[in-house]
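Results of the structural survey
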Amino acid sequence: MPDPEVLLEGVAFGESPRWRDGRLWFSDWGAQEVLAVDDAGNREVIAKVDFPAFPMCIDFASDGRLLVVAGRDGQLLRREADGSLGTYADLRRLSANPWNDIVVDGGGNAYVDNTGFDFPGGEFAPGTIALVNSDGDARYVADGLAFPNGVAITPDDGTLIVAESYGERLTAFEIDDDGDLRDRRVWANTPGDHPDGICVDSDGAVWYADVGNKHCVRVREGGEVLDVVESDRGCFACMLGGAGESTLFIVAQDWGGPESMRQRTRTGQVLTAAAPARRAGRP
C-alpha cells in the first residue's frame, strides 16, 4: 500500500483512536488530554485528565458519553454533561496493576483489559479482561493473557478479539448473552509482530498496529496477511473512519522504550491511508 499521509503533528503520545461524530478522537498520554481532529487537521481538546490519573484509552458508553480508562489510577471515568470527569467504575478492587484498552458492546457492556503486572519495569505476569456493565459493576471475564492490548468486537456483537502483544497473536472469545467470554481460540498468529491497537473491517479482517516493526497490518482469521502500511515511527493503534469510513487512521510516534511514554519532544502524528474495506464492528 502507498505510504500514509500526515493529518496531524505535534502530538505528545497518541493512543486509542476512535471514530465518532465525523471526527477522530484519541488519547494524548503525554499531554494528558483527549483530543478530536477533523479531516482538515483541526483539533479540539475534549477533556483533560489531571495527574496522577492517566488517559490510557477511550470509548463511548451506550448513551454516547465519553469513557476514559485512567489506567494507573484504576478508574474508568465518564465525561458528564457539564464536561467534568467522574468515576464510572472503580477497578482497583480487581487489580492494582495498570488498566489498558477498552471496547463497549451494543448492550453497553465495557470490556477493559489489564496488563497483569506493573508495566513498565515489573516482572511479567498474565493479564486479564474485566467486564463493566451499564451500572458500573465490574467482574473478571478472562485471564491468562500475554499482555492484552487492543480489543475489538465483531459487527454481530458475538465475538471479542484481543491483541496479545507478548503472545504475538490475536485471540478471540465468543460473547454470551450475559457478557461472559467463552470458547477462547487463536484468531490469528502474528509471528515476529507484537499487535497493539486493533480494529475490524467489513470484510471480517482485522487491522493491527505494531510499534517495533513500525507498521499496521491487515490480516484475515487464520493469519493470512492482506495489506501492510509502513511508517517511519512506531504505530501504536489504528482505526477506520473518515468519509465512507474507509480511511485508516494511525497514531504513531518515535519509541525509545517505556520512558518515551512521557516524552516531551512531541514526535506523535496522526496518519491516514486509504483502506480496501469499510469500518465494521466496535470500536
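Preceding this section is the structure that the text describes.
Right, let's walk through the structure included here. (Residues numbered from 1 in each chain as written. Predicted model: local features only at pLDDT ≥ 70, side-chain atom pairs only at ≥ 80, totals over all residues. Heavy atoms only, no water.)

**Observations regarding the sheet that holds strand β22 (residues 234–241)**
Pairing within the open sheet is antiparallel, and its four strands lie in the order β1-β24-β23-β22. Of all strands in the sheet, those with a lone pairing partner are β1 (5–11) and β22, marking the two edges. Neighbour to neighbour, the strand axes of the sheet diverge by 20 degrees on average, direction disregarded. Of the pairings in the sheet, the one linking β1 to strand β24 (residues 268–274) comprises four bridges and is antiparallel in character. Residue pairing for β24: Val11 is matched across the bridge by Gly268. (Pairing = 2+ DSSP bridges. Helix = DSSP H or I, 4+ residues; strand = E, 2+ residues; numbered from the N terminus. Axes fitted to C-alpha atoms, helices over the stretch in contact; angles between N-to-C directions.)

**A few points about the environment of Pro2**
Tracing the backbone through its elements, the reader meets Pro2 in the segment before β1. Measuring from C-alpha to C-alpha, the distance between Pro2 and Glu164 comes to 28 Å, with 162 residues separating the pair along the chain.

**Thoughts on the sheet that holds strand β12 (residues 127–132)**
The antiparallel open sheet is built from four strands, whose spatial order is β10-β11-β12-β13. Unpaired on one side and paired on the other, β10 (99–104) and β13 (138–145) mark the two borders of the sheet. If you compare each strand with its neighbour and ignore which way they point, the axes differ by 20 degrees on average. Relative to strand β11 (residues 110–114), β10 is paired through four bridges, and the arrangement is antiparallel. When the bridges of β11 are listed, Val103 appears paired with Tyr111.

**Quick notes on the packing of aromatic side chains**
Following the criterion strictly, the structure yields 13 aromatic pairs and no others. Relative to Trp255, the ring of Phe13 has its centre 6.2 Å away and its plane inclined at 65 degrees; by these criteria the two rings are edge-to-face. Residue Phe13 is found in the loop between β1 and β2 (14–20), and its partner Trp255 is found in the loop between β23 (247–253) and β24; the two are separated by 242 residues along the sequence. Centre to centre, the rings of Phe117 and Phe124 are 5.6 Å apart; their planes meet at 65 degrees, and the pair counts as edge-to-face. For Phe117, a relative accessible area of 5% corresponds to the buried category. What makes Phe124 partly exposed here is its relative accessible area of 41%. These aromatic residues form a ring-pair network of at least three members: Phe117, Phe119, Phe124, Phe147 and Tyr166. When the ring centre of Phe60 is taken as origin, the NZ or CZ atom of Arg20, which lies over that ring, is 4.7 Å away. (Phe/Tyr/Trp six-rings, centres within 6.5 Å; stacked < 30°, edge-to-face > 60°. Buried < 20%, exposed > 50% of the residue type's maximum accessible area, 1.4 Å probe, protein only. Lys NZ or Arg CZ within 6 Å of the ring centre and 35° of its normal.)

**Details of the pairing of β12**
Summarising burial for β12: six of the six residues are buried, a large majority. Burial along β12 is two-sided: Gly127, Ile129 and Leu131 and Thr128, Ala130 and Val132, pointing in opposite directions, are all buried. Judged from the five bridges that link them, β11 and β12 form a sheet pairing that is antiparallel. Considered in β12, the bridge of Ala110 is made with Val132. As defined by bridge partners, β12 adjoins β13 across five bridges and the pair is classed as antiparallel.

**A look at the nonpolar core**
The nonpolar side chains of a soluble globular protein tend to be buried, and buried together. Phe26, Trp207, Leu248 and Ile250 are the most contacted members of the largest nonpolar core, which totals 27 residues. Within the residue set of this core, elements represented by two or more residues are β1, β3 (23–28), β4 (33–37), β19 (206–210), β22, β23 and β24. Other than its neighbours up to four places away in sequence, Ile250 contacts Cys216, Val229, Cys235, Ala237, Cys238, Gln269, Val270 and Leu271. Core analysis: the next-biggest nonpolar cluster, separate from the first, contains 22 residues, Phe13, Trp29, Ile102 and Val112 among them. (Core = buried A, V, L, I, M, F, W, Y, C linked by side-chain atoms within 4.5 Å. Contact = heavy atoms within 4.5 Å.)

**Remarks on the side chain of Glu164**
Along the polypeptide, Glu164 turns up in strand β15 (residues 159–164). Accessibility expressed as a relative area gives 0% for Glu164, which makes it buried.

**A look at the environment of Ala274**
When you line up the elements, Ala274 lands in strand β24. Its relative accessible area of 61% is what places Ala274 among the exposed residues. Measuring from C-alpha to C-alpha, the distance between Ala274 and Val217 comes to 13 Å, with 57 residues separating the pair along the chain. With sequence-adjacent residues up to four places away left out, Ala274 is seen in contact with Met1 and Ser246.

**A short note on unusual backbone geometry**
Between Arg282 and Pro283 the backbone carries a cis peptide bond, its omega angle lying at 5 degrees. One can find Pro283 in the segment after β25 (279–280). With a phi close to 55 degrees, Gln32 is a non-glycine residue in the positive phi region. Along the chain, Gln32 turns up in the loop between β3 and β4.

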